[in-house]
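# Examining the three-dimensional arrangement
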Amino acid sequence: MVVFCPAGLFLTTALEPRIRCAVVSAYFSDRDTVLNDHEIDFLDWRFPYSTSVLRDENIAALICPRPLQIQSGTQDQLFPAAGGRETAAKTGNLYDKLGVKTNFSYYEFTGRHDFEGTAAWSFLEQHFAPQEIGGGSGI
């Protein structure tokens, strides 16, 4: 699953074991910073327990050990890369402790609230057999 910003799809990936690999872009960050720095209160940013039990690194822990790439734009005006970097470090430590470090990737790119396709497709190719990506029997 490739997710650009919406929280619901990030949560779906955590809860649906049939989703074998995910790329999350323009969403993953430190919830406290994101929620306290914006006057706009988007529903998919603030939900019950989003700053306690359901922090982004905890949701990512539910995805682990499945492959997960997090993308952050260095100039993202909604989800600052600094928060993504900090939260991704916590997530990376979990993957490392479980011996599946190569299943986690934090990719930071020059850009705003956006998606970096080349890195995403490369990550997916790395974690799926070639025939599953369109060169064979299909998914």
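The text that follows walks through the structure, step by step, so that each part is easy to find. (Residues numbered from 1 in each chain as written. Predicted model: local features only at pLDDT ≥ 70, side-chain atom pairs only at ≥ 80, totals over all residues. Heavy atoms only, no water.)

### Brief notes about the overall build of the chain
- Each helix and strand counted, the chain has 5 helices and 4 strands in total.
- Ordered by position from the N terminus, the helices and strands of the chain form the series β-α-β-α-α-β-α-β-α.
- Taking all 139 residues of the chain together, the buried fraction comes to 44%.
- When contacts within the chain are restricted to residue pairs at least 6 apart in sequence, long-range pairs at least 24 apart make up 69% of them.
- About 7,400 Å² of surface is accessible on the chain, with carbon and sulfur atoms providing 56% of the total. (Helix = DSSP H or I, 4+ residues; strand = E, 2+ residues; numbered from the N terminus. Buried < 20%, exposed > 50% of the residue type's maximum accessible area, 1.4 Å probe, protein only. Contact = heavy atoms within 4.5 Å. Areas by Shrake-Rupley, 256 points an atom, 1.4 Å probe, with all protein chains shown as cover.)

### A few points about the pairing of strand S3 (residues 68–73)
- When you tally the buried positions in S3, you get 6 out of 6 residues, the bulk of the element.
- Judged by which residues are buried, S3 turns out to be covered on both faces: Leu 68, Ile 70 and Ser 72 on one side and Gln 69, Gln 71 and Gly 73 on the other are all buried.
- Relative to strand S4 (residues 104–109), S3 is paired through 6 bridges, and the arrangement is parallel. For Leu 68, the partnering residue across the bridge sits in S4 and is Phe 104.
- The parallel pair S3 and S4, bridged by helix H4 (residues 81–97), forms a crossover whose chirality is right-handed. (Pairing = 2+ DSSP bridges. Right-handed = clockwise from strand over helix to strand, strands pointing away.)

### A short note on helix H3 (residues 56–63)
- For H3, the full list of buried residues reads Asp 56, Glu 57, Ile 59, Ala 60 and Ile 63. Buried residues along H3 cover an arc of 155° about the axis, so they all sit on one side. (Arc of directions from axis to C-beta.)

### Things to note about the pattern of salt bridges
- Enumeration according to the criterion identifies 4 salt bridges in this entry.
- Glu 16 serves as the salt-bridge partner of Arg 18, at 2.8 Å between the closest nitrogen and oxygen.
- Linked through salt bridges whose partners overlap, the residues forming this network are Arg 55, Glu 57 and Lys 90. (Salt bridge = Lys/Arg side-chain N within 4 Å of Asp/Glu carboxyl O.)

### Notes on the packing of H3 against H4
- One way to put it is that H3 packs onto H4 with a least axis distance of 9 Å and a crossing angle of 30°. The orientation of H3 relative to H4 falls into the category roughly parallel. Of the two elements, H3 crosses H4, and the hand of that crossing is right-handed. Note on element contacts: H4 touches H3 through Thr 87, Lys 90, Thr 91, Leu 94 and Tyr 95, opposite Asp 56, Glu 57, Ala 60, Ala 61 and Ile 63.
- For the contact of H3 with H4, a count of residues per class yields 5 nonpolar, 2 polar and 3 charged. (Axes fitted to C-alpha atoms, helices over the stretch in contact; angles between N-to-C directions. Parallel < 35°, antiparallel > 145°, perpendicular 65-115°, else oblique. Left-handed = near helix turned anticlockwise from the far one by under 90°. Nonpolar A, V, L, I, M, F, W, Y, C, P; charged D, E, K, R; others polar.)

### Here we look at the nonpolar core
- Among the nonpolar cores identified, the biggest contains 17 residues, and Phe 10, Leu 68 and Tyr 95 are the most heavily contacted of them.
- Contributions of two or more residues to this core are made by helix H1 (7–15), strand S2 (22–25), H3, S3 and H4.
- In terms of residues, this core owes the most to one element, H3, which gives 3 residues.
- If you look at the next biggest cluster of nonpolar residues, it comprises 6 residues, including Val 23, Ala 120, Phe 123 and Phe 128. (Core = buried A, V, L, I, M, F, W, Y, C linked by side-chain atoms within 4.5 Å.)

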